[in-house]
Each structure stands twice: as C-alpha cells, then as structure tokens.
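# Observations on the model geometry
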Amino acid sequence: MTTKKLIGKIHLWLGLASGLVVFLVSISGAIMVFEKEIRWATGTASYDRTVPGQKAPAAPPSLIFQKSLEVAPQGGTYQYFFTGEQENNVIVNWHYHPGSEEADIPAGYREIHQNPYTGKVLLNELWEGGFWGWMVKFHTTLLLPYEVGHQVVGWATVIFILMLITGLVLWFPKSRKGYKQRFSVKWGASFKRVNYDLHNVLGFYTLWVVIIIALTGLVWSFGWFSNGVYFMATGEKQPEYQGALSTYHSEDAPQTDDQLFTLIDQVTATTLNQYPEVYRYSVSYPMDSTASIAVSILTEQGKNYDRHDEYVYDRYTGELIASEKWSEHNAGERIMHLNYPIHLGLIGGLPTKILAFFASLIAASLPITGFYIWWGRKKKTKKRRRDKKAFRQIEIAGQ
C-alpha cells in the first residue's frame, strides 16, 4: 500500500468515526455565530433591547442590584450586570445559583433585564431553560452529561483536525493538470462528480478558517491544550485564576446593605471617571463576606471582542486591591481573552461573522459529501466484484 493510500484509509476511518458529531457541532456553531442578530429579529435580544428614551440620569448600580436581588432566588453565588452601548439599552443582569432541591431552585444563570433609568425588572428567566442556553449545551456536550459530552465533542474535534490535515495531503493531485479541478467545481458534470468537487474544493478554501475554529474550541475542551497554547505564547506556565478577595474582620461591625450599595456607587463612579468614553461597562455584586466588587470597562476598541480593563475593590473599604488592564496583558492572556470572539468569528465584526458562518456550514457538509464519496466507491467495488464473479462463471461454463 502506498503512503497516499494509507493516508486515504486513515482519512476515511477518522471521518466515519467523527462525522456525525462534527456535523451536529458545526451546524449548531453556525447558528450561534448570528445569535445577536437572530435574537434581535425574534424580539428576544438581550444587550440590544431598548426602552423609550428619557431625559433622566441612568439608574445607579445600587438601584440596579437592589431591584434585581428582590426577584432573584436567595442563596446565589455570583451576580453582575452589563450596561448597553446606548443610554436606553436595557441593563442585563446575570445571577448564578448553584441550585437547591429543598427550595426547588434549578442551578444555572438567571437572566434579568432591567430598565436603565428606574431599575424596574422587565424580564426574569432561567437562561439554561431557554433556546440559547440549550444551544450552548448542545454545541459543547450534545446534551450528554458534561463529563461525557465535552470529552466526546473535544476528541471528535481532535479527530476532525487530523482529518483536515490528511485531507490536505489527499487534495494534492498527481500531476499539474489535475490542479484545475482542485480549485473549481464542475457544475455541469454528474452529481457524483459535483459532490466530489464540493468536498475537495470547499474543504480546501475554508481549511485554515475551520482549523482555527476547531483549535479555539479545544481551548475549552481540554486544560492541557489551553495550558499548551499559553506556554507557546509566553514560555511560561498558565497561572490558575485566583480572584482578589475582600478582607473580612469578624470583630468589625456588620456592613449594612445601604453601606455596601453606597460603596458600589462610589467605586463605579471612580472607575468611570478614568475614561473619557465608555462603550459598555459591568459591575459585580459581592455575594459573600470575602467577595469583592469588580468594575469592567469596555471601550470602543473592544467593541467586537473581549478587550476590557477590570478594577477590583474591597467591599468594606472601597480600596483598589487588583487591576487588570488590556495594555498590561501578555500574549498568552490576550489569546485567552480573544479565544471566544475568534471561535465565533466576532473579532472582526460582520465580515468575520459571515466567514465563520459559511466555514461552519462547509465543515458540516464535509462529512456528508465525504460519506457519499465513500458509499459510491463501495457500491462501485461491489459491482466490479459481481461482474468479475459473473465473468468467471461464464468462463467456467464455456470450458
């Protein structure tokens, strides 16, 4: 068996092993690229939803949290809100609860929409129970238990990357004359030939885009891969995330809600005053005695991706205890922050979204066109065997 035939066999069996998973993950990924636009068109938008504009100041963070905590289930462990890019965009508040069987509280993030002027709650629903929460779970685990599902998707992605590499080797023709059919689809030919061309030509043109999408997906699937990317970018081990904590003194008088709300407003104002223009910002609420207040600033430069500056304050004193600015990030930290927008094609706005969308659709088509190529060859081989057998029987009868 020649080397190319061996690679062809490897390519075939890898495709048969991972084809269905690749198809499902790619289709769901293509849909997720345009989540923002789909939600806007269907009236279910989050960050772009608006209320009638008012000649009134924006509600302070303390009022936003006060109103959201009134409707959120008690015992949550994490809460923060995002403002919109326009003054009349709703505030999107995210409240995480680990779940409680006794209180009949499901685990997950609760999406709370609020009026930016009054803090009035406009929407309060469990994100995991909605379509997009379902879609994310489907894309990352195929709705299997997380411990199993993310391994299935992760290893299928690894196999798919190997398929793309072996496919590139098989793409190269034996002679120069064969290059012409490798770059264009012969639309007037038979269905079998068109299918073959679609597999080869579309796969070649989107190869690197699909590989980048697949590699960025592996960053979430496997810790070893994420650590490897960070090491390649910096030459250092990726540090474990450790959030800055507030200093709690049990002998001090308990902090009242009013004191905490006042402090949240103060540190938010202090942070915003450092920036002449703010595209969007977020504030986190400290849910326990050692949690801190985090204020993240997103400027116009980070409009299409996660390029933010974050400031962390002690919940009791308002003292700045940590800061993380984009300009101070090393290459590994920037790659980790950019992983999500690169994976979904958000990083360059609409042009890269369109590119990621069609690349995902083509990735979904490759297992289908590849299977048909294999099936056609299998049928052809069986037909040849039948013809040879029949011919042999005629020869014997003639003797």
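Residues numbered from 1 in each chain as written. Predicted model: local features only at pLDDT ≥ 70, side-chain atom pairs only at ≥ 80, totals over all residues. Heavy atoms only, no water.

### With respect to the overall build of the protein
Each helix and strand in the protein was counted, giving 12 helices and eight strands. Here the C-alpha atoms of the protein give a radius of gyration of 27 Å, more than 25% beyond the 21 Å that 2.2 N^0.38 yields for 399 residues. Just so you have it, the protein exposes about 23300 Å², and 60% of that area is on carbon and sulfur atoms. Averaging the locations of the 39 positively and 34 negatively charged side chains of the protein gives two centres separated by 30 Å. (Helix = DSSP H or I, 4+ residues; strand = E, 2+ residues; numbered from the N terminus. Rg over C-alpha atoms; globule rule 2.2 N^0.38 Å. Areas by Shrake-Rupley, 256 points an atom, 1.4 Å probe, with all protein chains shown as cover. Lys, Arg positive; Asp, Glu negative; His and termini not counted. Charge placed at Lys NZ, Arg CZ, Asp CG, Glu CD.)

### Considerations on the pattern of salt bridges
Tallied over the entire structure, the rule returns five salt bridges. Residues E37 and K353 are paired through a salt bridge, measuring 2.8 Å at the closest nitrogen-oxygen approach. Of this pair, E37 sits in helix α2 (residues 35-41) while K353 sits in helix α12 (residues 350-398), placing them 316 residues apart in sequence. K353 gets classed as buried once you look at its relative accessible area, which sits at 9%. One salt bridge in this structure joins R193 and D197, with 3.1 Å as the shortest N-O distance. Taken as a pair, R193 and D197 lie in helix α7 (residues 191-205) at a separation of four residues, close to a single helical turn. Residue D197 is classed as buried on the basis of its relative accessible area of 1%. Shared partners join several salt bridges into a network, and the residues in it are E35, R39 and E111. (Salt bridge = Lys/Arg side-chain N within 4 Å of Asp/Glu carboxyl O. Buried < 20%, exposed > 50% of the residue type's maximum accessible area, 1.4 Å probe, protein only.)

### Let's talk about the environment of I64
With respect to the helices, strands and loops of the structure, I64 is situated in helix α3 (residues 61-71). Given the relative accessible area of 1%, I64 is considered buried. Separated by 175 residues in sequence, I64 and P239 have C-alpha atoms that sit 34 Å apart. Setting aside residues up to four positions removed in sequence, I64 forms contacts with A59, F81, I91, N93, Q114, N115 and G119. (Contact = heavy atoms within 4.5 Å.)

### Focus on the pairing of strand β5 (residues 280-285)
When you tally the buried positions in β5, you get six out of six residues, the bulk of the element. Here β5 shows no split at all, with R280, S282 and S284 on one side and Y281, V283 and Y285 on the other all buried. In this structure, β5 lies alongside strand β6 (residues 293-298), joined through four bridges in antiparallel fashion. The residue bridging V283 from the neighbouring strand is V295, located in β6. (Pairing = 2+ DSSP bridges.)

### Remarks on the side chain of H329
Mapped onto the elements, H329 comes out in the loop between β8 (320-324) and α11 (331-343). What makes H329 buried here is its relative accessible area of 8%. Among the polar contacts listed, one links the side chain of H329 to the side chain of E333, at a separation of 3.2 Å. (Polar contact = N/O pair within 3.5 Å; in protein donor to acceptor, adjacent residues only side chain to side chain.)

### Considering the pairing of strand β3 (residues 108-114)
Counting buried positions along β3 yields six of seven residues, so the element is predominantly enclosed. The pairing of strand β2 (residues 91-97) with β3 spans seven bridges and is classified as antiparallel. Bridging across to β3, Y96 finds its partner in Y109. Strand direction decides the pairing type here: β3 and strand β4 (residues 121-126), joined by five bridges, are antiparallel. By the bridge assignment, Q114 is partnered in β4 with V121. Counting the residues between successive antiparallel strands, the hairpin from β3 to β4 contains six residues, one of them, G119, with a positive phi of roughly 80°.

### Details of helix α8 (residues 207-221)
For α8, with 15 residues, the first-to-last C-alpha span of 21 Å sits near the 21 Å given by 1.5 Å per residue. Of the positions making up α8, those classed as buried are L207, V210, I211, I213, A214, T216, G217, L218, V219 and S221. (Expected span 1.5 Å × (residues − 1).)

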